[in-house]
Amino acid sequence: TEEPTTEAPTPPAPEPKHNTNATINISGGSLTSECDSAIFLPEKGTMMISGGTITGHTAVYIQSGLTTITGGTFIANGEAVEFADTGDYSGCTATGDAIVVEACENETGLTQVAIKGGTFISQYGKPIASYQASDGPAWADDTAQRITGFVSGGWFSTKVANAGDVYTQDII
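Let me begin by describing the structure that accompanies this report. Quick caveat, the model's predicted, so the values are computed rather than measured.

All right, on to the overall build of the protein then. Scanning the protein from N- to C-terminus turns up 0 helices and 11 strands. Overall, the protein shows an N-to-C arrangement of helices and strands of β-β-β-β-β-β-β-β-β-β-β. Expressed as a percentage of its 172 residues, the buried residues of the protein come to 45%. Of the contacts made within the protein by residues no fewer than 6 positions apart, 53% connect residues no fewer than 24 positions apart. Of the roughly 9,100 Å² of accessible surface on the protein, a fraction of 51% belongs to carbon and sulfur atoms.

With that settled, consider the pairing of strand β8 (residues 111-115). Covered by surrounding structure in β8 are T111, V113 and I115 only, the residues Q112 and A114 on the alternate face being uncovered. Here strand β5 (residues 65-69) runs beside β8; their pairing, made up of 5 bridges, is parallel. Within β8, the residue paired with L66 across the bridge is Q112.

Further remarks concern the environment of I69. Mapped onto the secondary structure, I69 falls in strand β5. For the pair I69 and V113, spaced 44 residues apart in the sequence, the C-alpha separation amounts to 8.1 Å. I69 has contacts with I49, F74, I99, A114, I115, K116, G117 and F120, leaving out every residue within four places of it along the chain.

Attention now moves to the nonpolar core. One finds I54, V60, F74, I99 and I115 to be the most contacted residues of the largest nonpolar core, which totals 25 residues. Listing elements by their share of this core, those giving two or more residues are β2 (37-41), β3 (45-56), β4 (58-62), β6 (73-76), β7 (99-103) and β8. Residues contacting I115, with those up to four places away along its chain left out, are I69, I99, F120, I128, F150, V151, S152 and G153. By size, the runner-up hydrophobic cluster in this structure holds 6 residues, among which are C92, V100, A129 and Y131.

To continue, consider the packing of aromatic side chains. Applying the stated criterion across every chain yields a total of 4 aromatic pairs. For the pair F40 and Y61, a centre-to-centre distance of 5.6 Å together with 70 degrees between the ring planes defines the contact as edge-to-face. Here the residue F40 occupies a position in strand β2, and Y61 occupies one in strand β4, the gap between them amounting to 21 residues. Taking the centre distance of 5.0 Å and the plane angle of 5 degrees together, the rings of F74 and F120 count as stacked. One end of the pair, F74, is in strand β6; the other, F120, is in strand β9 (residues 119-122), and 46 residues separate them in sequence. A single burial state applies to F74 and to F120, both of which are buried. Among the aromatic residues, those joined into a ring-pair cluster are F74, F120 and F156.

Attention now moves to the side chain of T95. Looking at the secondary structure, you find T95 in the loop between β6 and β7. Residue T95 is classed as buried on the basis of its relative accessible area of 1%.

Further remarks concern the sheet that holds β4. Here 4 strands make up an open sheet; going across it, the order is β2-β4-β7-β10 and the pairing parallel. Since the sheet does not close on itself, it has two edges, and those belong to β2 and β10 (128-132), each with one partner. Taking each pair of neighbouring strands and ignoring which way they run, the sheet shows an average axis angle of 15 degrees. Taken together, the 4 bridges between β2 and β4 define a ladder with parallel strand orientation. Considered in β4, the bridge of L41 is made with I62.

Reading the values: the criteria
Residues numbered from 1 in each chain as written. Predicted model: local features only at pLDDT ≥ 70, side-chain atom pairs only at ≥ 80, totals over all residues. Heavy atoms only, no water. Helix = DSSP H or I, 4+ residues; strand = E, 2+ residues; numbered from the N terminus. Buried < 20%, exposed > 50% of the residue type's maximum accessible area, 1.4 Å probe, protein only. Contact = heavy atoms within 4.5 Å. Areas by Shrake-Rupley, 256 points an atom, 1.4 Å probe, with all protein chains shown as cover. Pairing = 2+ DSSP bridges. Core = buried A, V, L, I, M, F, W, Y, C linked by side-chain atoms within 4.5 Å. Phe/Tyr/Trp six-rings, centres within 6.5 Å; stacked < 30°, edge-to-face > 60°. Axes fitted to C-alpha atoms, helices over the stretch in contact; angles between N-to-C directions.

Right under this line is the structure:
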């Protein structure tokens with residue numbers, strides 16, 4: 001016969017959750033990704049960028065939270081590819097755009113963005129792009145609306161203001 005054990009079973013690992021109170025401040029230095037987005041923000045939190053150089057196939061991909069950009073240099077060097085939502089709200093597609101803002105409905109809340117300054121360069125895509133999850137085939141029923149009117153300053157590698165587009169001004 002087996003002796004009874006007094007050890008408690010190991011509890012299961014907790015389900016991963018998005019951090020709901022992250023604060024990210026970037027004021028200098030450089031961050032480079034050789035093969036993807038340099039920064040991906042799917043979190044409900046705050047990101048403030050006032051300086052530094054961020055380079056990647058997409059420099060910054062914002063999917064949730066509050067982001068304010070007042071300075072810095074953002075360089076996208078990846079091939080321009082069509083936006084394709086990942087279908088699980090846990091990833092991003094490097095589009096070749098310097099800044100990507102994706103509106104989607106997920107447990108982390110809506111995306112809020114203010115771009116007040118900085119230098120935005122894309123070698124093959126757009127300096128700033130705004131998409132909504134329903135632009136991709138995985139979430140055609142997502143009702144989050146494309147985010148518009150969030151740019152009030154900066155320098156852009158190409159003209160970003162078109163009638164009905166997401167930007168508020170030409171090169172500033």
